[in-house]
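Residue-level structure breakdown
In case you want the letters, here they are:
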Amino acid sequence: MSALVEINDIWIEGRADETWMPIINGASMSLNKGEVLGLIGESGAGKSTLGLAAMGFARDGVRISKGSVTFDGIDLINASAAVKRDLLGKRIAYVAQSAAASFNPSHRLIDQHVEGPVQHGVSTRVESVNDGIELYRRLRLPDPDNIGFRYPHQVSGGQLQRAMTAMAMSCRPDLIIFDEPTTALDVTTQIEVLASIRDIVEQFDTAAIYITHDLAVVAQMADKIKVLLKGDEVEEADTRTMLSDPKEDYTKSLWAVRSFKRPGKAAVPEDATPVISVRNVTAAYGKAVVLHDVSFDIHAGRTVAVVGESGSGKSTAARCITGLLPPLEGHVEFDGEALPLDYRKRNKMQLRQAQMIYQMADTALNPRKSIGEIIGRPVEFYMDLKGAKKRERVRALLDEIEMEPDLFIDRLPSELSGGQKQRIGIARALAAEPKFIICDEVTSALDQLVAEGILKLLARLQDTLGLSYMFITHDLATVKSIADEVVVMKDGRVVEQGPKDEMFTPPHHSYTDLLLSSVPEMDPDWLTNLLAERGVDNLGDAAADRM
Amino acid sequence: MGSVLGIIVQRLALGLLTLLVVSIVIFIAVNALPGDFAQAVLGQGATPEAIKSIREGLGLDQHFLLRYFTWLAGMVQGDLGTSFAQLNFASNMGGTQLKTVAEQIAPRFQNTMFLAGLTAAIAVPVSVALGIMAALYRNSVFDRTINIATLSSISSPEFFLAYILILFLAVLNPVLPSLSNIYEGMELSDRLVRTVLPALTLTLVVTAHMMRMTRAAIINLLASPYIEMARLKGVSPMRVIVVHALPNALAPIINVIALNLAYLVTGVVVVEVVFVYPGIGQLFVDSVKNRDIPVVQACCLIFAAAYILLNLAADVMSILSNPRLRHPK
């Protein structure tokens, strides 16, 4: 039997200014019916491009320059647009990374669901609506009879992702491309979506290409794994072999990332005054109260990780500390003294002490200012340094973040990589010489190797400068590697807090337990075992809880 | 939906305030013009006595503020006043049948609305359809031709377009009348035939904006993930544009349509002159020339109200085109 999809030595290029830059350099793969291939690599490795090429599709500004793609005997490279259109949606389907952005906001879910079958003449609208409801039920969406009649903005992200999987299934395709379908989701939601996808792909014996940068996830989903690095194939092997016995150095380095751990620190003395103390803070956006009576302390030289799902109030707590959002009740103390609630009422000294580093370094740096100006601004504002002294200080800061001053001081942010931009964000925070820095998801937009570098830098700065960090994250692996204390938040409340070691050893609060056990592990049997442990019904309850 | 009602009420209130400000500005502006009604009517050879008597007859000798508030008092009671020309004619000839400003303007305004309506009925569907086609076949010969053609027509003076149309459709191929002198009691079909040429001229003027905005608003969305998703579902290119892109591109398109419709109500005096069409534009220009303040004021209020109402309608429709607001969580 010949393979369902056969990609042979494919070369893909993308337009950059006036020239074509290589994206994929001679990749090959073959996939049989019902088989799941995991495609992993860092961002920019060309995973999505290769996945789309398997559909015979290239985005605007991208072209397939060489090689062949054959789907069930049909040459997709030379096929006419009409032939490809007939295959797309019907026999080859796509599940995008962000379901929220990939559902058309103007149409109901079910209308988008039935579009494929009706347009391709696979079934009538009525049949397809009924089938959609059945798929929603199998994917364990709440209220499957009615959820399809909602608009995308009325449905949560995890539910949308499952609705999109249902949509991909609407014509019972032979092949589905999953392009990072769970990357934008919280860990607890991710499990539900992973389990749903795996079940339904098995039930219909669909072949799939599963694209992700998360090794632990791909270990659960794929029969075999292919590793990509900057458009080059690194290696391919079946999942268990790949996990237990990677051949290439690059693959081994990917596997090793999760091993970075800071040594524990001595306990804080009982009578020490915390650097930052959040006291019974309640805060609201308009009439919606999003923080309820939140209290925690952050001591000198320590890292407090604030974890929780999106919408749990982590970032709002940070906004209350910085004074961007004055709390309704409660207050924030710095070194034992209450800070004015509103940042406008704080003096320069108070403002200086609490700095922030943001998730998206891309948008947090002014694209029109040079690195020297970006770091120089707080140096001048807070430290009153000008001219040569200012330049000297900026150079010292660049040294501090391990970036060569001569090389970078006159560059623009657009000339830096993601990790370098994040380092500039750190230098800008350091420029104020603060005691306390809020790190808001600073590594979640970065690849694992780069993220590890940032975590190591933050750890070294803490050791040399005695900084305190409030580390907002939803990634528990990061918490394990860097935190001293952990605060778990849910629905605007602190559900549990304490030293890291206590938090990671049972017994936990039930919610902490759910969070911890939801972090995928590299063991390919992890998801199966976990589902068996929790029981499918239990999973449904977890979903219902969050409605 | 409650929020939409709230917006409408708030905007109508703001609109009334705008009208008040417009009336003040116009009153001051007309007063700032050199000369007044008496001088305009009597011309250069007028004796000071004659001018004085007309001024006294019309109350123009009274203080500026007093005249404004007298007019405003009448206005809020629904009385737009009587045109100076009518009053002057009556006092000289002793006639008693005075036409009020409202009576004077009403037929002209109806004609203007008729022309604007006919133009909109042609121009809006044509522009949106052309915009969709241009977006579908973007960067093709068709797209470029349409762009060049509409840009040329908007760049040419209106009277030039009008004369070109007259040359081809009334003189060389006499299929349409070159004069649009419609009058009351005319058959609708006759009216339509006589209004086609000015409507076509105006269509050429307003199409470019609407067509280009439709094209741009759609193309702007084509990089969205949900458009890529539609393509990856094997949806035909036409359906991608019309079903997936257009509903999300409506807000900017509606706003440009509203602006152009407002222009059709307020800015078409050149076309009226060329085709001798008895619209409100000519009446307005004549009144300004004669410093006939009551008529000028009434026309300006109508123009301002047209802008306010059309923009309000556009805003409400933009809001309703957004499913997040139509179907809150």
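Residues numbered from 1 in each chain as written. Chains lettered and ligands numbered in written order. Predicted model: local features only at pLDDT ≥ 70, side-chain atom pairs only at ≥ 80, totals over all residues. Heavy atoms only, no water.

**Describing the overall build of chain B**
Per the secondary structure count, chain B includes 15 helices and zero strands. Taking the principal axes of its C-alpha atoms as reference, chain B extends roughly 85 × 60 × 35 Å. Looking at chain B as a whole, 43% of its 329 residues are labelled buried. Across chain B, every contact between residues at least 6 apart in sequence was considered, and the portion connecting residues at least 24 apart equals 74%. Accessible area of chain B: about 16500 Å², with a carbon and sulfur share of 68%. Between the mean site of the 20 positive side-chain charges and the mean site of the 16 negative ones, chain B shows a separation of 17 Å. (Helix = DSSP H or I, 4+ residues; strand = E, 2+ residues; numbered from the N terminus. Buried < 20%, exposed > 50% of the residue type's maximum accessible area, 1.4 Å probe, protein only. Contact = heavy atoms within 4.5 Å. Areas by Shrake-Rupley, 256 points an atom, 1.4 Å probe, with all protein chains shown as cover. Lys, Arg positive; Asp, Glu negative; His and termini not counted. Charge placed at Lys NZ, Arg CZ, Asp CG, Glu CD.)

**Section: the packing of aromatic side chains**
Inspection of the entire model under this criterion finds 10 aromatic pairs over all chains. With centroids separated by 5.5 Å and ring planes inclined at 70 degrees, the aromatic side chains of B:Phe37 and B:Phe84 adopt a geometry described as edge-to-face. Of this pair, B:Phe37 sits in helix H2 (residues 37-42) while B:Phe84 sits in helix H5 (residues 84-93), and the two are 47 residues apart along the sequence. Assessed through its relative accessible area of 10%, B:Phe84 is described here as buried. Here the aromatic residues B:Phe27, B:Phe64, B:Tyr68, B:Phe69 and B:Trp71 are joined through ring pairs into a cluster of three or more. Here A:Arg172 stacks its cationic end above the ring of A:Phe204, 4.4 Å away from the centre of that ring. Just above the ring of B:Phe114 sits the side chain of B:Arg191; from NZ or CZ to the centre is 5.2 Å. (Phe/Tyr/Trp six-rings, centres within 6.5 Å; stacked < 30°, edge-to-face > 60°. Lys NZ or Arg CZ within 6 Å of the ring centre and 35° of its normal.)

**Some details on the pattern of salt bridges**
Applying the stated criterion to the full structure yields 39 salt bridges over all chains. In this structure, A:Asp335 and A:Lys435 form a salt bridge, with 2.8 Å as the shortest nitrogen-oxygen distance. One end of the pair, A:Asp335, is in the loop between strand E14 (329-334) and strand E15 (337-338); the other, A:Lys435, is in the loop between helix H18 (418-431) and strand E17 (436-440), and 100 residues separate them in sequence. Between B:Lys289 and B:Asp286 there is a salt bridge, and its shortest N-O distance comes to 3.9 Å. Placement of both B:Lys289 and B:Asp286 in helix H13 (residues 280-290) is noted, with a separation of three residues, approximately one turn of the helix. A relative accessible area of 56% means that B:Lys289 is categorised as exposed. Each of the salt bridges in this network shares a partner with another, and the network as a whole consists of A:Glu35, A:Lys224, A:Lys226, A:Glu233 and A:Glu236. (Salt bridge = Lys/Arg side-chain N within 4 Å of Asp/Glu carboxyl O.)

**Observations concerning the interface of chain B and chain A**
The parts lose accessible area when they come together, and the size of an interface is often stated as this lost area. With 22 residues of chain B at the interface, the matching set in chain A holds 29 residues. Carbon and sulfur atoms make up 56% of the surface buried where chain B meets chain A, a total of about 2400 Å² over both sides. Where chain B packs against chain A, one counts three salt bridges. A salt bridge links A:Arg59 to B:Glu228; its shortest N-O distance comes to 2.6 Å. On inspection of chain B and its partner chain A, the count reaches 15 residue pairs in polar contact (both at pLDDT 80 or more). Taken together, the elements giving at least two residues each to the side of chain B that touches chain A come down to helix H10 (225-232), helix H11 (237-266) and helix H15 (323-326) of chain B. (Buried area = accessible area lost by both parts, 1.4 Å probe. Polar contact = N/O pair within 3.5 Å; in protein donor to acceptor, adjacent residues only side chain to side chain.)

**A word on the packing of helix H7 (residues 157-169) of chain A against helix H8 (residues 187-203) of chain A**
Residues and elements named next belong to chain A. It is at 9 Å that the axes of H7 and H8 come closest, and there the two elements cross at 15 degrees. One finds that H7 runs roughly parallel with respect to H8. Read as a crossing pair, H7 and H8 show a hand that is right-handed. Side by side, H7 and H8 meet where Gly158, Gln161, Arg162, Thr165 and Met169 of the first sit next to Thr189, Glu192, Val193, Ser196, Ile197, Ile200 and Val201 of the second. Of the residues belonging to the contact of H7 with H8, the class tally is five nonpolar, five polar and two charged. (Axes fitted to C-alpha atoms, helices over the stretch in contact; angles between N-to-C directions. Parallel < 35°, antiparallel > 145°, perpendicular 65-115°, else oblique. Left-handed = near helix turned anticlockwise from the far one by under 90°. Nonpolar A, V, L, I, M, F, W, Y, C, P; charged D, E, K, R; others polar.)

**A short note on helix H23 (residues 526-534) of chain A**
Residues and elements named next belong to chain A. Taken together, the buried positions of H23 are Trp526, Leu527, Leu530, Leu531 and Arg534. Relative to the axis of H23, the buried residues are bounded by an arc of 125 degrees and lie together on one face. Opposite the packed face of H23, turned more than 90 degrees from it, sit the exposed residues Ala532 and Glu533. (Arc of directions from axis to C-beta.)

**Remarks on the side chain of A:Glu441**
Residue and element names in this part refer to chain A. Locating Glu441 in the fold gives a position in the loop between E17 and helix H19 (448-465). Among buried Asp, Glu, Lys and Arg side chains, Glu441 stands out as unpaired, with Lys314 the closest opposite charge at 4.1 Å. Apart from the residues lying within four places of it in its own chain, the contact partners of Glu441 are Lys314, Gln359, Ile472, Thr473 and His474.

**Some remarks on the sheet that holds strand E12 (residues 288-298) of chain A**
Residue and element names in this part refer to chain A. With respect to topology, four strands assemble into an open sheet ordered E12-E11-E14-E15, the strand pairing being antiparallel. Single-partner strands in this sheet number two, and they are E12 and E15. Helix-sheet contacts for helix H12 (residues 314-322) involve strand E11 (276-285), E12 and E14, and the interaxial angle to E11 is about 110 degrees. (Pairing = 2+ DSSP bridges.)

**What to know about a nonpolar patch on the surface**
All names here are of chain B. The grouping of Phe159, Phe160, Tyr163, Ile164, Leu167, Phe168, Val171, Leu172 and Val270 at the surface amounts to a nonpolar patch, some 820 Å² of accessible area in total. The biggest single contributor to the nonpolar patch is helix H8 (residues 158-172), with eight residues. Looking at where Phe159 falls in the secondary structure, it is placed in helix H8. (Patch = residues over 30% accessible without salt bridge, like charges linked within 9 Å, V, L, I, M, F, W, Y side chains within 5 Å.)

**Some thoughts on a positive patch on the surface**
On the surface, A:Lys348, A:Lys369, A:Arg377 and A:Lys386 cluster together into a patch of positive charge. When you line up the elements, A:Arg377 lands in helix H15 (residues 371-383).

**Side note on the sheet that holds strand E4 (residues 62-71) of chain A**
Residue and element names in this part refer to chain A. Strand order in the open sheet formed by four strands is E2-E1-E4-E5, with antiparallel pairing between adjacent strands. The sheet is open, and its two edges are formed by strand E2 (19-31) and strand E5 (74-75), each paired on a single side. As paired strands, strand E1 (residues 5-16) and E2 are joined by 10 bridges and run antiparallel to one another. Pairing of Glu13 across the sheet is with Pro22, part of E2.

**Things to note about the pairing of E12(A)**
Residues and elements named next belong to chain A. In terms of strand pairing, E11 meets E12 through seven bridges, oriented antiparallel. Bridge assignment links Val278 to a residue of E12, and that residue is Phe296. Hairpin connection of E11 to E12: two residues between the antiparallel strands, including Gly286 at a positive phi of 60 degrees.

**Quick word on the packing of helix H4 (residues 64-76) of chain B against helix H14 (residues 293-320) of chain B**
All names here are of chain B. Axis separation between H4 and H14 bottoms out at 12 Å; the angle between their running directions is 55 degrees. Our classification of the angle between H4 and H14 gives oblique. The way H4 lies across H14 gives a crossing that is right-handed. Contacts from Arg67, Tyr68, Trp71 and Met75 in H4 reach Ile293, Gln297 and Leu301 in H14. Taken together, the residues that form the contact of H4 with H14 break down as five nonpolar, one polar and one charged.

**What about the side chain of A:Asn104?**
Here A:Asn104 is to be found in the loop between helix H3 (99-102) and helix H4 (109-119). Polar contacts involving the side chain of A:Asn104 include one to the main-chain carbonyl oxygen of B:His244, which spans 2.9 Å. Sequence-distant contacts of A:Asn104, that is, excluding residues within four places in its chain, are made with A:Gln112, A:Pro152, B:Tyr226, B:Val243, B:His244 and B:Asn248.

**Remarks on the domain arrangement of chain A**
All names here are of chain A. Segmentation of chain A into domains returns domain 1 (5-259) and domain 2 (276-505). The C-alpha-based centres of domain 1 and domain 2 are spaced at 35 Å. Overall, the association of domain 1 and domain 2 removes approximately 1000 Å² of surface from exposure, summing both partners, and the carbon and sulfur fraction of that is 47%. The tally of links from domain 1 across to domain 2 stands at zero salt bridges. At the boundary of domain 1 and domain 2, one finds one residue pair in polar contact (both at pLDDT 80 or more). Grouping the amino acids of the side of domain 1 that touches domain 2 by side-chain chemistry returns two nonpolar, four polar and four charged. (Domains from an automatic or database assignment.)

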